[in-house]
Amino acid sequence: MNLTEKLIAAHLLEGEMKAGSPIAIRIDQTLTQDSTGTMAYLQFEAMGIDRVRTQKSVAYIDHNMLQTGFENADDHKYIQTVATAHGIWVSRPGNGICHQVHLERFSKPGQTLLGSDSHTPTCGAVGMLAIGAGGLDVAVAMGGGAYHINMPKVCKIFLTGRLSGMASAKDVILTILKMLSVKGGVGKVMEYAGPGVATLTVPERATITNMGAELGATTSVFPSDAVTEQFFRAQNRLADYRPLAADDGCAYDEEITLNLSDVVPMAAMPHSPDNVRAIREIAGIKVDQVCIGSCTNSSFADMMKVASLLDGKTVAENVSLTISPGSRQVLNMLAANGALAKMIAAGARILESACGPCIGMGQSPATNAVSLRTFNRNFCGRSGTVSANVYLVSPETAALSAIAGVLVDPSASGEQAASLVPETFTVLDNMILPPAPEGETVEVVRGPNIKPFPVNTPMPEKISGKVLTVLEDNITTDHIMPSGAKLLPYRSNVPYLADFCLTPSDPDFPQKAKAAGGGFIVAGSNYGQGSSREHAALAPVQLGIKGVLAKSFARIHAANLVNNGILTLTFLHAEDFDALRQDSEICIPNARAQVAAAVDTGKITVFADGKPMEMALSIDSRQANMLLAGGLINYTKEAQA
Ligand code: MIC
Ligand code: SF4
């Protein structure tokens, strides 16, 4: 077996490990963060389960940190109390970004991790099967329920050679994104193998698995080897280490070879992570802002590289440089060894250990600015400035460009930056709260910002409504449910958020939906790529959206739609998409019978302006029941009754 199959086989509860067929797996660990967590815990509470049934569940507070009003602080209190009350560990604000802290302190080779954040696959760096999902799926897993997916294909990425000449792990994943695109990983696990693996440190592997999310992959995984062992020893967690590898000569569904020695510094240009070019082709662009950090590139090793490149220099006068170390462990070690002083002396603006500018929580660039970021997403508007041009680059490129004031090709700079993993990390778990002991009562604190979440209604016999909007390919969840400093504080207030649903693509969408009493969304391919935010499904429920008709869907968003009782219909014929306009009348007669039959046929007949068109609806029987019940919450209640 390959490593992915071994991990799945060890957790398989239902189904057959045949690519594309539905399987259910047992989840050992869960993580939530605060922007998806409030909703996940409201849903967990609605399920009426006393204590989590996982081996370890951790609630992180790392996204909504600006606290420009009472809302975020209220949510933090709610998360802290509801989590400890139900047997969940809490990583307090300031302790770091969920994926970085989880890798450092909780990851375990061989275990499964389900997280309410799309970059949960980061922990695949140490041989975990780590998957991002909507909050509701994570709530179910916390309650001991299985996680349902289709058995992914396994794509082997065979690494040879070794990185050189200031090329870094970020450049590896950008190279893969250039080869495969933001759709290249859909339905697949990217499994790394080959002699190049041993040349990569755990933080480097984590940069690669993290950004596997941008390929649309279900997850990415590295073997657990001697390099992993050294990482666990340095984290004083050797007991959690175990070696894991694919069997010799095992089969894969697909295979790609990448020679690390050929990798050169790359940048993802505006506005997509797969719009990748070699930096040498675009070097010299004037830069206004540089942001270093995020769950992709904020490890101790990355920060040490940055400190060494900034040492004794000054940030260019046209540049604002921000640095957010990924965790308090990293920040503390930088403070203790003097690297932080070098960053400060160079003129960097040090931000707290959190997501920060990556999710538009502050540091929005100036009008038309060029912003270089070591982050993983550069969707238009995500930085908080619609006219900004965001480039995704490595820490080396970012640091050198911040000093030069223009985009610099690090391989032509003559500089060196050694990657290092220390012999020992400073372990500082004092900002991680253990769960309350069983039997102890914890008062759950709910501020006025916490509003009930919308629950869909059972599917009627006939569904009809207008097409409210027709959208292009690659619509992201940042389009469907924008984030940033103005909206993130309302993640526990869906009625408020709904008024901003899809507004970056169609400013009148919420008004149109309200006026029509709901309707349908029509979209191109890869609809809903990006974040795991369930709000991109909950806001449509609030607005009465009955279905999305798209050329194809991103995995997590499709699951979130079905979990909330919204139909995910895929065009079988290109001309059907072309025929649809805003205001086209959609009608699905015998909807309940058709949805039930789609489990076998995979199809459903939809009438558009009176003309029949056949569309794909690929669902298993559990999903059909969820759609009929009006979502997972109703379905679970029906099943319990
Ligand atoms: C993101 O990077 O878009 C986020 C914010 O981390 C999201 C979660 C969210 O929308 O809250 C993600 O990637 O899942
Ligand atoms: Fe946070 Fe950005 Fe990572 Fe999302 S991608 S978890 S916002 S750092």
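What this report covers is the structure whose coordinates are included nearby. Because the structure is predicted, anything quoted here is derived from the model rather than measured.

With that settled, the discussion passes to the overall build of the protein. Within the protein, the regular secondary structure consists of 23 helices and 27 strands. The C-alpha radius of gyration of the protein comes to 23 Å, within 12% of the 26 Å expected for a compact globule of 641 residues. Looking at the 641 residues of the protein, the share that counts as buried comes to 63%. Summarising the internal contacts of the protein: among those between residues at least 6 apart in sequence, 76% fall at separations of at least 24. Accessible surface computed for the protein: about 21700 Å², of which carbon and sulfur atoms make up 50%. Across the protein, the 50 positively charged side chains and the 60 negatively charged ones have centroids separated by 2 Å.

This part takes up the sheet that holds strand 20 (residues 432-433). The sheet built from six strands is open, its strands ordered 7-6-3-4-5-20 with mixed pairing. Every interior strand has two partners, whereas the edge strands, strand 7 (129-132) and strand 20, have only one. Bridge count for strand 6 (residues 112-115) against strand 7 is four bridges, and the pairing is parallel. Following the sheet pairing, Thr112 is matched in strand 7 by Leu129. Helix-sheet contacts for helix 4 (residues 98-105) involve strand 3 (29-32), strand 4 (56-60), strand 5 (89-91), strand 6 and strand 20, and the interaxial angle to strand 3 is about 150°. Lying over the sheet, helix 5 (residues 135-142) contacts strand 3, strand 4 and strand 6, oriented at roughly 140° with respect to strand 3.

A few words now on the pattern of salt bridges. Per the counting criterion, the structure on display carries 21 salt bridges. Notably, a salt bridge pairs Arg233 with Glu229, separated by 3.5 Å at the nearest N-O pair. You can see Arg233 and its partner Glu229 sitting in helix 8 (residues 226-234), four residues apart, about one turn around the helix. Judged by relative accessible area, which is 27%, Glu229 ranks as partly exposed. Several salt bridges converge on common partners, so that one network encompasses Lys108, Arg237 and Asp240.

We now examine the site of ligand 2. With respect to spatial proximity, the complete set of residues near ligand 2 consists of His63, His99, Asp117, His119, Ser294, Cys295, Cys355, Cys358, Ile359, Asn376 and Arg382. Among the residues making up the shell around ligand 2, the classes are represented as four nonpolar, five polar and two charged.

On to the sheet that holds strand 24 (residues 567-571), then. The strand order 21-22-23-24-27-26-25 describes a closed barrel built from seven strands, whose pairing is mixed. Taking each pair of neighbouring strands and ignoring which way they run, the sheet shows an average axis angle of 40°. The sheet contact formed by strand 23 (residues 545-550) and strand 24 spans four bridges and is parallel. Opposite Val548, over in strand 24, you have Thr568 as the bridge partner.

Counting 75 residues, the largest nonpolar core has Leu549, Leu567, Leu569, Ile586, Ile588 and Val595 as the members making the most contacts within it. Of all the elements, helix 5 adds the most residues to this core, at six residues. Residues in contact with Ile586, not counting those within four places in the same chain, are Ile463, Ser464, Gly465, Val467, Phe520, Leu549, Leu580, Val606, Phe607 and Ala608. Core analysis: the next-biggest nonpolar cluster, separate from the first, contains 59 residues, Val126, Phe300, Val306 and Leu334 among them.

When its volume is computed, the largest pocket comes out at roughly 910 Å³. Around the largest pocket, the lining comprises 34 residues; the ones closest to its centre are Asn150, Arg555, Ala558, Ser618 and Gln623. Of all the secondary-structure elements, those providing two or more residues to the lining of the largest pocket are helix 5, strand 8 (147-150), helix 19 (555-563), strand 24 and helix 22 (621-629). Along the lines of polarity and charge, the residues of the lining of the largest pocket split into 17 nonpolar, 11 polar and six charged. Here the second largest pocket defines a volume of roughly 460 Å³. Taken together, 19 residues line the second largest pocket, and the ones lying closest to its centre are Gly381, Gly384, Pro482, Ser483 and Gly484. Elements with a contribution of two residues or more to the lining of the second largest pocket: helix 14 (477-480) and helix 15 (484-487). Take the lining of the second largest pocket: its biggest share by element is four residues, from helix 15. Residues that form the lining of the second largest pocket fall into these classes: seven nonpolar, nine polar and three charged.

The full set close to ligand 1 counts 14 residues, and Ser35, Asp117, Ser118, Arg491 and Arg533 are the nearest of them. Separating an oxygen atom of ligand 1 from a side-chain N or O atom of Ser118 is a distance of 2.5 Å. Ser531 is positioned such that a nitrogen or oxygen atom in its side chain is 2.8 Å from an oxygen atom of ligand 1. Surface burial for ligand 1 is 97%, taken as the share of its 330 Å² of free accessible area covered by protein chains. Taken together, the residues that form the shell around ligand 1 break down as one nonpolar, eight polar and five charged.

Here we take up the packing of helix 10 (residues 300-310) against helix 12 (residues 339-346). One can describe the packing of helix 10 onto helix 12 by two numbers: an axis separation of 9 Å at closest approach and a directional angle of 50°. Judged by the inter-axis angle, helix 10 sits oblique to helix 12. Considering the relative orientation of helix 10 and helix 12, their crossing is left-handed. Residue-level contacts link Met303, Met304, Val306, Ala307 and Leu310 of helix 10 to Ala339, Lys342, Met343 and Ala346 of helix 12.

Note that strand 24 and strand 27 (residues 611-616) share two bridges and pair antiparallel. Bridge pairing links Phe571 to Met615 in strand 27. As judged from the six bridges shared by strand 26 (residues 603-608) and strand 27, these two strands associate in the antiparallel manner. Following the sheet pairing, Thr605 is matched in strand 27 by Glu614. Taken together, strand 26 and the strand that follows it, strand 27, pair antiparallel across an intervening segment of two residues, in which Asp609 is found at a positive phi of about 50°.

The rules behind the values
Residues numbered from 1 in each chain as written. Chains lettered and ligands numbered in written order. Predicted model: local features only at pLDDT ≥ 70, side-chain atom pairs only at ≥ 80, totals over all residues. Heavy atoms only, no water. Helix = DSSP H or I, 4+ residues; strand = E, 2+ residues; numbered from the N terminus. Rg over C-alpha atoms; globule rule 2.2 N^0.38 Å. Buried < 20%, exposed > 50% of the residue type's maximum accessible area, 1.4 Å probe, protein only. Contact = heavy atoms within 4.5 Å. Areas by Shrake-Rupley, 256 points an atom, 1.4 Å probe, with all protein chains shown as cover. Lys, Arg positive; Asp, Glu negative; His and termini not counted. Charge placed at Lys NZ, Arg CZ, Asp CG, Glu CD. Pairing = 2+ DSSP bridges. Axes fitted to C-alpha atoms, helices over the stretch in contact; angles between N-to-C directions. Salt bridge = Lys/Arg side-chain N within 4 Å of Asp/Glu carboxyl O. Near = heavy atom within 4 Å. Nonpolar A, V, L, I, M, F, W, Y, C, P; charged D, E, K, R; others polar. Core = buried A, V, L, I, M, F, W, Y, C linked by side-chain atoms within 4.5 Å. 1 Å grid on protein atoms, 1.4 Å probe; cavity = no way out; pocket = protein on both sides within 12 Å on 5 of 7 lines; lining within 4 Å. Points joined across faces, edges and corners; volume = space filled by probe spheres on them. Polar contact = N/O pair within 3.5 Å; in protein donor to acceptor, adjacent residues only side chain to side chain. Parallel < 35°, antiparallel > 145°, perpendicular 65-115°, else oblique. Left-handed = near helix turned anticlockwise from the far one by under 90°.

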